[in-house]
Amino acid sequence: MNTILKTSIDKLISHKLLNKEEFVALLNNNTQELRNKLASHATFTKQRYFSNQVYIRGLIEFTNYCKNDCYYCGIRCSNQQLSRYRLTKSDILSCCTKGYDLGFRTFVLQGGEDSYYNDDRMSDIVSTIHSMFPDCAITLSLGERSYESYKQLYEAGASRYLLRHETANIEHYNKLHPDNMSYQNRMNCLHHLKDIGYQVGCGFMVGAPFQTTENLAEDLLLIQKFQPDMVGIGPYLSHKDTPFHNQPNGSLEDTLLLLSILRLMRPDLLLPATTALGTIAPDGREQGILAGANVIMPNLSPSNVRQQYSLYDNKACFGNEAAEGLADIQNRLQSIGHEITINRGDAPITNR
Ligand code: SAH
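Throughout what follows, the structure given in this document is the object of discussion. On a predicted model such as this, the values are computed, not experimentally measured, just so you know.

## Comments concerning the packing of aromatic side chains
To describe a pair of aromatic rings, you give the distance between the ring centres and the angle between the ring planes.
Okay, step 1: As enumerated under the stated definition, the model contains 11 aromatic pairs in all.
Okay, step 2: Ring centres of Phe 107 and Phe 133 lie 5.6 Å apart, and the angle between their planes is 70°; on these two criteria the pair is classed as edge-to-face. In this pair, Phe 107 is assigned in strand S3 (residues 106-111) and Phe 133 in the loop between helix H5 (119-132) and strand S4 (137-141), connecting sequence segments 26 residues apart. Exposure class is identical for Phe 107 and Phe 133. Each is buried.
Okay, step 3: Measuring from centroid to centroid gives 4.9 Å for Tyr 150 and Tyr 161, while their planes differ by 70°, and the two rings are edge-to-face. In this pair, Tyr 150 is assigned in helix H6 (residues 147-156) and Tyr 161 in strand S5 (residues 160-162), connecting sequence segments 11 residues apart.

## A few points about the pattern of salt bridges
Pairing between side chains of opposite charge can happen when their charged atoms approach one another.
Okay, step 1: This structure, assessed with the given rule, holds 20 salt bridges.
Okay, step 2: Across the pair Lys 67 and Glu 113 runs a salt bridge, and its minimum N-O distance is 3.1 Å. You can see Lys 67 sitting in the loop between strand S2 (58-63) and helix H4 (89-102) and its partner Glu 113 sitting in the loop between S3 and H5, a full 46 residues away along the chain.
Okay, step 3: Since its relative accessible area comes to 11%, Glu 113 is described here as buried.
Okay, step 4: One continuous salt-bridge network, built from bridges that share partners, spans Lys 98, Arg 306 and Glu 324.

## A word on the side chain of Asp 114
Okay, step 1: Within the element layout of this structure, Asp 114 appears in the loop between S3 and H5.
Okay, step 2: Residue contacts for Asp 114: discarding those within four places in its chain leaves Thr 63, Tyr 65 and Arg 86.

Quick notes on the rules
- Along each chain, residue indices are assigned from 1 in the same order as the chain's sequence is written.
- Only residues with pLDDT of 70 or above have their local features reported here, since the model is predicted, and side-chain atom pairs are shown and tallied only from 80 upward, although totals for entire chains, interfaces and linings are computed over all residues.
- Processing note: side-chain calculations cover all non-hydrogen atoms of the structure and skip hydrogens and water entirely.
- The pairing test for Phe, Tyr and Trp rings, Trp by its six-membered ring, is centres within 6.5 Å, and the orientation test on the planes gives stacked under 30 degrees, edge-to-face over 60, and tilted for anything in between.
- We count a stretch as a helix when DSSP gives it H or I for four or more residues in a row; a strand needs E for two or more, and each element gets its number in order from the N terminus.
- Burial classes: relative accessible area under 20% of the type maximum marks a residue as buried, over 50% as exposed, and values in between as partly exposed (1.4 Å probe, protein chains only).
- What makes a salt bridge here is a side-chain nitrogen of Lys or Arg within 4 Å of a carboxyl oxygen of Asp or Glu, nothing more.
- In this analysis, two residues are considered to be in contact whenever any of their non-hydrogen atoms come within 4.5 Å of each other.

Laid out in structure tokens, this is it:
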């Protein structure tokens, strides 16, 4: 490892920030040696803030209808091959009951942008979950909505929101999305969510089509500036029925390196080892935890709809990605020196 890289690593550990060129240099020199070194520092940092605890969130994918047409995503509105589903309020509540019994204290409601779930319907679902499970946190991931909508949902009892920024570079954003979507609107939404008081998560796909190393460095700088409570990253994985079906998948190794960098930039960050990471390699999630991640989000959706929430091909949603596989997940985490914690796992207050 050359001296410039070594200096950058020391700076990342001590200052928790690098400039764009330094990030690019790290990402362009992604060797096993570099990954091991950053992962061991990231693990040390994570231990100080979170001990060996991994937070669990039950993921309920409640609709695969979407009005958007993102070029990378399998549930895009132009995909005619997909059979669409919506969960009813009572389906969603059954998922929560099942999840609660399994030990989940956070429910993540994620879906396409589906106008059926307007503010009144969605607030009704959120407030019912909130009153039935007052000790649980409700996270939403419903895409872009108005300030008023986010506010109404917050008042109904949701306290966290996941909205990946997707890419910090406007030209890159425009290559991934049709003209009616904009980077500016995405960022406005993220700022609105923060202003309202949500714990906010942003994030991006690693190896997204047309992404450059500079783009990834820009993502890291945006995260440093925006200071989210959570960051969701996972490899881009192609979906056969999208315009990007021939684009290569993102890499496991790049995702692992980025997880370690993010942990070192933000010791208190909530950082999931995502489903996409668990899909690209059978032990991808464990590798993510060892690189610095501290959250997992097993699938709590009814098993008959899980394959239909098809963001990318071969999405892992059974076995170790499934909520009912929690005992097995616990064993696997134990084998790498970690354990599941059942508390809500809010973002540490120190950060805000
Ligand atoms: N409609 C919601 C939820 C979208 S799906 C929203 O807009 O936030 C959640 C995330 O899955 C997206 O933000 C995107 O980063 C990721 N995703 C979509 N397609 C993907 C693909 N082909 N490979 C990997 N991740 C993908």
